[in-house]
Amino acid sequence: MSALSGVARSQQRNWLNPSTWHLRTRLVLVAMALLVAICGAVGVVSYASMDMVFNKQLDRQLEQASLRADLFGRPPSSFPNSPTGRPDPLEARGQAAGTLSARIDGSTVRSSGLIDARGNRVSLSADDEQVLLALPTGDGPVDRSLSNGDYRLMAVKTNYGDVIVTGLPLADKQTAEASLVWTMVLVSLGGLVVIGLVGTVIIRRTMRPLEQLSDVATKVSRLPLDAGEVALAVRVPPSASHPGTEVGSVGHALNQMLNNVSSALEARQESETKVRQFVADASHELRTPLTAIRGYTELLRMTETFTDDGRKSLARVQSQSERMTTLVEDLLLLARLDEGQPLKVTDVDLTQLVVETVSDEKVMAPDHIWQLQLPGEPVTVRGDATQLHQVLANLLSNARKHTDPGTTVVTGVMLSADGSAVVTVTDNGPGIPQEFQSRIFSRFARADAARSGSEGTSGLGLSIVESIVQAHGGSVEVTSRPGRTEFALRLPTATTERLQRIRQDDSPTS
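Residues numbered from 1 in each chain as written. Predicted model: local features only at pLDDT ≥ 70, side-chain atom pairs only at ≥ 80, totals over all residues. Heavy atoms only, no water.

Participant: Explain the packing of helix H6 (residues 350-364) against helix H7 (residues 385-401) to me, using residue names and the numbers behind them.
Facilitator: It is the contact of H6 with H7, at a shortest axis distance of 10 Å, that shows an interaxial angle of 40 degrees. Of the possible angle classes, the one that applies to H6 and H7 is oblique. Both H6 and H7 take part in a crossing whose hand is right-handed. Two secondary-structure elements touch here, H6 through Leu353, Val354, Thr357, Val358, Asp360, Glu361 and Met364 and H7 through Ala385, Leu388, His389, Leu392, Ala393, Leu396, Ser397 and Arg400. The residue inventory of the contact of H6 with H7, partitioned by class, reads nine nonpolar, three polar and three charged. (Axes fitted to C-alpha atoms, helices over the stretch in contact; angles between N-to-C directions. Helix = DSSP H or I, 4+ residues; strand = E, 2+ residues; numbered from the N terminus. Parallel < 35°, antiparallel > 145°, perpendicular 65-115°, else oblique. Left-handed = near helix turned anticlockwise from the far one by under 90°. Contact = heavy atoms within 4.5 Å. Nonpolar A, V, L, I, M, F, W, Y, C, P; charged D, E, K, R; others polar.)

What follows is the structure, given as structure tokens:
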């Protein structure tokens, strides 16, 4: 049996694929990415600028300290107690705390040390002296790492042939630069948070007209525009359809398109109403003369004497008038269904109705094999018993007329997973061509050439089936291949309708 149950596929957002993100999400992320790039560029430029300023300031202080150390030198005869005959550069006046000084004679460090925070002299280690010996002379200030921290050093050759090395600590510069980095990082992070929140609010408000356009398009896409009277009253609100803006121009164009579509649908509905009214009036008017023709034909057969050819002709007239009467009744029924006339709804035992209809077909076509597949409990639906009987009769008649004698026809009743009643009529006949299945429920559609039955049809039987089933809130479909053709219809059961009414009564909009 056909399941007749579709599974709605929900489109999930793939966060690894940016093309599936909302436009507002992408705009916020792009704005934040631009802000990160701007903050990064500003941070790099600021850091480089401050580093340059600090270096220039430190170099000026270093040059002054080196000049004081150099000017502090005197002729060797004036300092007989000095190891080198020259004064210690650290003893020069004005040297700040942290200042490093050393005197190098050839490859020997004659004196070296630095002034600590208390103003005391601290000697350098042997490793530090090796670093000082490796300094280039006269090439300007350079940065080196010593045991007491990072220093900016400068080696200057004096007029006495020795070299004076002067250095200033980089700790203050590094602290200021680290503070600058942390300040810019914190400010940038705060800016990102503010831009993210404010940007989200602004972009949401800016994108609201697009959401309104999407809502209108979604509502229109869910309207049944294929048939019947359509009330296309949904429109884009004026706030989102002002032609002065880009989004407003789209909303204005969408409203114009909806107006055009609404006018076309109204014209179509008016034309269909005229055609249905004409068919209903013509069918109603034809019933009287057709009844008269059948009556007079019966009267002639009973009162007059005819030759064999005359009796055959009269029988032909009677059979064609009966066929015409059936056709007129079918057209009149379709016209009433199209008008949406109310059904005589009662609780119908679908299982019993199937048994009775199949029994009738057994009498009419004993050369077919008729089988039943019924549930253990009765299946009850809400509907018009007469019309539902006609649906089953048309499906079984269709199987009988379009299959050869000896064909097995199986009629089944079941409950689907959602509680709906499903009725299937399956035969093992020659099948229906694939290209005909898409229009098999159309009016006056015939497939006599495809299925090897001997009885002609008007092509309205399956169209009546679809119209009656849809009037009951159900659906019908067909699947066919050589050796198996199945018509499956679904109808809401009485329990399903009660649950739907309860949900509607409990909903907030009720």
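Participant: Before we move on, can you summarise the confidence of the model for the chain with the specific residues and values?
Facilitator: Of all residues in the chain, 87% attain a pLDDT of 70 or more, and the chain-wide mean is 81. Mean pLDDT across the elements of the chain ranges from a minimum in helix H10 (residues 494-506), with 54, to a maximum in strand S11 (residues 421-427), with 93. The low-confidence segment residues 1-10, where pLDDT is below 50, has 19 contacts with residues more than four positions distant or belonging to other chains. Long-range and interchain partners of residues 449-454, a stretch whose pLDDT sits below 50, account for 18 contacts in this model, where long-range means more than four residues apart. (pLDDT = per-residue confidence, 0-100.)

Participant: A description of the nonpolar core should follow, citing residues and the corresponding values.
Facilitator: The tendency in soluble globular proteins is for nonpolar side chains to be buried side by side. Among the nonpolar cores identified, the biggest contains 40 residues, and Leu395, Ile440, Phe487 and Leu489 are the most heavily contacted of them. Taken together, the elements giving at least two residues each to this core come down to helix H5 (308-339), H6, H7, strand S10 (408-415), S11, helix H9 (461-471), strand S12 (475-481) and strand S13 (484-491). If one sorts the elements of this core by residue count, H7 sits on top with six residues. When sequence neighbours within four positions are dropped, the list of residues in contact with Leu395 reads Val425, Leu462, Val465, Phe487 and Leu489. Grouped together as the second largest cluster of nonpolar side chains are 15 residues, Ala102, Ile104, Leu153 and Val163 included. (Core = buried A, V, L, I, M, F, W, Y, C linked by side-chain atoms within 4.5 Å. Buried < 20%, exposed > 50% of the residue type's maximum accessible area, 1.4 Å probe, protein only.)

Participant: Please provide a residue-by-residue account of the packing of aromatic side chains, values included.
Facilitator: In total, this model carries one aromatic pair according to the counting rule given. Taken together, a centroid distance of 6.3 Å and an interplanar angle of 90 degrees make the contact between Phe441 and Phe487 edge-to-face. In this pair, Phe441 is assigned in the loop between helix H8 (434-437) and H9 and Phe487 in strand S13, connecting sequence segments 46 residues apart. The same class applies to Phe441 as to Phe487, namely buried. (Phe/Tyr/Trp six-rings, centres within 6.5 Å; stacked < 30°, edge-to-face > 60°.)

Participant: Give a detailed account of the sheet that holds strand S6 (residues 163-169), specifying residues and quantitative values.
Facilitator: Pairing within the open sheet is antiparallel, and its six strands lie in the order S3-S2-S1-S6-S5-S4. Across the chains shown, the open sheet's two edge strands, defined by having one partner strand only, are strand S3 (121-122) and strand S4 (142-146). Inspection of the sheet shows strand S2 (residues 108-115) paired to S3 by two bridges, in the antiparallel sense. Residue Leu114 lies in a different strand from S3, and its bridge partner there is Val122. (Pairing = 2+ DSSP bridges.)

Participant: I'd love a proper account of the pattern of salt bridges, names of residues and values included.
Facilitator: Tallying each qualifying case throughout the model produces ten salt bridges. In this structure, Arg152 and Asp59 form a salt bridge, with 2.5 Å as the shortest nitrogen-oxygen distance. Here Arg152, found in strand S5 (residues 149-157), pairs with Asp59, found in helix H1 (residues 23-71); they are 93 residues apart in sequence, far enough to count as distant. Note on accessibility: Arg152 and Asp59 belong to one class, buried. The partner of Glu361 in a salt bridge is Arg400, and the shortest N-O contact between them spans 2.9 Å. Within this pair, whereas Glu361 is found in helix H6, its partner Arg400 is found in helix H7, the two being separated by 39 residues in sequence. Arg400 gets classed as buried once you look at its relative accessible area, which sits at 11%. Linked through salt bridges whose partners overlap, the residues forming this network are Asp59, Asp143 and Arg152. (Salt bridge = Lys/Arg side-chain N within 4 Å of Asp/Glu carboxyl O.)

Participant: Before we move on, could you go through a nonpolar patch on the surface and cite the residues and values that matter?
Facilitator: Taken together, the side chains of Tyr47, Val181, Trp182, Val185, Leu186 and Leu189 define a hydrophobic patch exposed on the protein surface, amounting to about 590 Å² of accessible area. With five residues, helix H3 (residues 171-221) is the single largest residue contributor to the nonpolar patch. Counting through the fold element by element, Leu186 comes out in helix H3. Given a relative accessible area of 55%, Leu186 falls into the exposed group. (Patch = residues over 30% accessible without salt bridge, like charges linked within 9 Å, V, L, I, M, F, W, Y side chains within 5 Å. Areas by Shrake-Rupley, 256 points an atom, 1.4 Å probe, with all protein chains shown as cover.)

Participant: Talk me through H7; I want residue IDs and the actual numbers.
Facilitator: Taking 1.5 Å per residue as the helical rise, H7 with its 17 residues ought to reach 24 Å, and the 24 Å between its terminal C-alpha atoms agrees with that figure. Summarising burial for H7: twelve of the 17 residues are buried, a large majority. Within the span of H7, buried status applies to Gln387, Leu388, Val391, Leu392, Ala393, Asn394, Leu395, Leu396, Ser397, Asn398, Ala399 and Arg400. (Expected span 1.5 Å × (residues − 1).)

Participant: Give a description of the pairing of strand S1 (residues 100-105) that names residues and reports values.
Facilitator: With five of six residues buried, S1 is to be regarded as a mostly interior element. Bridge count for S1 against S2 is six bridges, and the pairing is antiparallel. Bridge pairing in S2 links Asp105 to Thr108. Adjacent in sequence and paired antiparallel, S1 and S2 are bridged by two residues, among which Gly106 carries a positive phi angle near 70 degrees. Bridge count for S1 against S6 is five bridges, and the pairing is antiparallel. Bridging from a neighbouring strand, Ala102 pairs with Val165 of S6.

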